[in-house]
Structures are given as C-alpha cells and as structure tokens.
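# Architecture and fold: a report
Chain by chain, the residues run as shown.
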Amino acid sequence: MSTRPICSHLDQIEVTALPETIEGCEECLKIGSTWVHLRMCMTCGKIGCCDSSPNRHATAHAGESSHPIIRSAEPGEEWSWCYLDEVAFALPGVRP
Ligand SMILES: [Zn+2]
Ligand SMILES: [Zn+2]
Ligand SMILES: [Zn+2]
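Notes on the structure follow. (Residues numbered from 1 in each chain as written. Chains lettered and ligands numbered in written order. Predicted model: local features only at pLDDT ≥ 70, side-chain atom pairs only at ≥ 80, totals over all residues. Heavy atoms only, no water.)

## Regarding the overall build of the protein
Along the protein, the regular secondary structure elements total 2 helices and 5 strands. Reading the helices (α) and strands (β) of the protein from amino to carboxyl end gives α-β-β-α-β-β-β. For the protein, the residues scored as buried account for 39% of the 96 residues in total. Taking as baseline every contact in the protein between residues at least 6 positions apart, the subset at least 24 positions apart corresponds to 50%. Here the protein has roughly 5900 Å² of accessible surface; of this, 52% comes from carbon and sulfur atoms. (Helix = DSSP H or I, 4+ residues; strand = E, 2+ residues; numbered from the N terminus. Buried < 20%, exposed > 50% of the residue type's maximum accessible area, 1.4 Å probe, protein only. Contact = heavy atoms within 4.5 Å. Areas by Shrake-Rupley, 256 points an atom, 1.4 Å probe, with all protein chains shown as cover.)

Set out below in structure tokens:
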C-alpha cells in the first residue's frame, strides 16, 4: 500500500467548514432553478449543486475556476471529492 495522500491537491483547500446558513445553490437562486444536493468549493467556499441537479453548478464552477476540491454541503455528510484525482475522501482532520 502506498502512503501517498489520496489527493495531491489538499494544499488548495482554504475553506473546510460549511457556512452557518446555506440558502441554496448560488447560481440556481440567480436563475430561479432548483437543485437536488448541495456541494461547497473548498477553495473559495462557493455553494453549488451536485451532478444529479439539472445545472450541475458545482462541477461547472470547478471547471471554470480550476478549484479542484468540493465537499458535501448536506447535513451530516463530510466527504470531499477531488475533480482532478477523481477520488472521494474524508478529510484527514478538518482544520478549524
Ligand atoms: Zn486531488
Ligand atoms: Zn445550481
Ligand atoms: Zn471555488
């Protein structure tokens, strides 16, 4: 087994904690659309919708901004996903 971190982009994580209140997908709210699940960009904190949502704003944001890592913004879910490594992982000790 390799001891290499599963994702090599952890240094791009700037935001780990979810906002206290999440109104919804920022882009969907602008256009009056709906979403299924919410994700948060861990580089800038932007809230976007998941790939099961019609507009897939979280993935669109990752592509536009080159911010590689999102986390779930759903209550009780703490997994993260790196678009570049295409790997899901639980954060090794979420930084305050
Ligand atoms: Zn990565
Ligand atoms: Zn959206
Ligand atoms: Zn971002």
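Here the narrative resumes, following the displayed structure.
## Points about the nonpolar core
Formed by C7, I13, M42, I69, C82, V87, F89 and L91, the largest nonpolar core amounts to 8 residues. Residues within four places of M42 in sequence aside, it is in contact with Q12, I13, E14, V15, T16, I69, I70, R71, S80 and L91. Counting residues in each nonpolar core, the second largest holds 7 residues, with C25, C28, I47 and A73 among its members. (Core = buried A, V, L, I, M, F, W, Y, C linked by side-chain atoms within 4.5 Å.)

## Examining the coordination of the zinc ion (ligand 3)
Within the first shell, the zinc ion (ligand 3) binds the protein through C41 (SG), C44 (SG), H61 (NE2) and H67 (ND1), at distances of 2.0 to 2.3 Å. Each of the 4 donor atoms bound to the zinc ion (ligand 3) contributes to angles spanning 102 to 114 degrees, and the resulting shape is tetrahedral. In primary-sequence terms, the residues that donate to the zinc ion (ligand 3) follow C-x2-C-x16-H-x5-H. Of this pair, C44 sits in the loop between β1 (38–41) and β2 (47–49) while H61 is found in helix α2 (residues 57–65), placing the two residues 17 residues apart along the sequence. Note on C44: relative accessible area 40%, which makes it partly exposed. (Donors = N, O, S within 2.8 Å, 3.2 Å for Na, K, Ca; no water. Tetrahedral: all angles 85-135°; square planar, octahedral: opposite > 155°, others 65-115°.)

## Some details on the pattern of salt bridges
Summed over all chains, the structure comprises 3 salt bridges. Where K30 meets E27, a salt bridge forms, and the shortest distance between an N and an O atom there is 3.3 Å. Taken together, the positions of K30 and E27, both in helix α1 (residues 26–31) and 3 residues apart, correspond to about one turn of that helix. According to the relative accessible area criterion, E27 is partly exposed, its value standing at 23%. The shortest N-O distance in the salt bridge between K46 and E27 comes to 2.7 Å. You can see K46 sitting in the loop between β1 and β2 and its partner E27 sitting in helix α1, a full 19 residues away along the chain. Judged by its relative accessible area of 19%, K46 is buried. Overlapping salt bridges, with partners in common, bring together E26, E27, K30 and K46 in one network. (Salt bridge = Lys/Arg side-chain N within 4 Å of Asp/Glu carboxyl O.)

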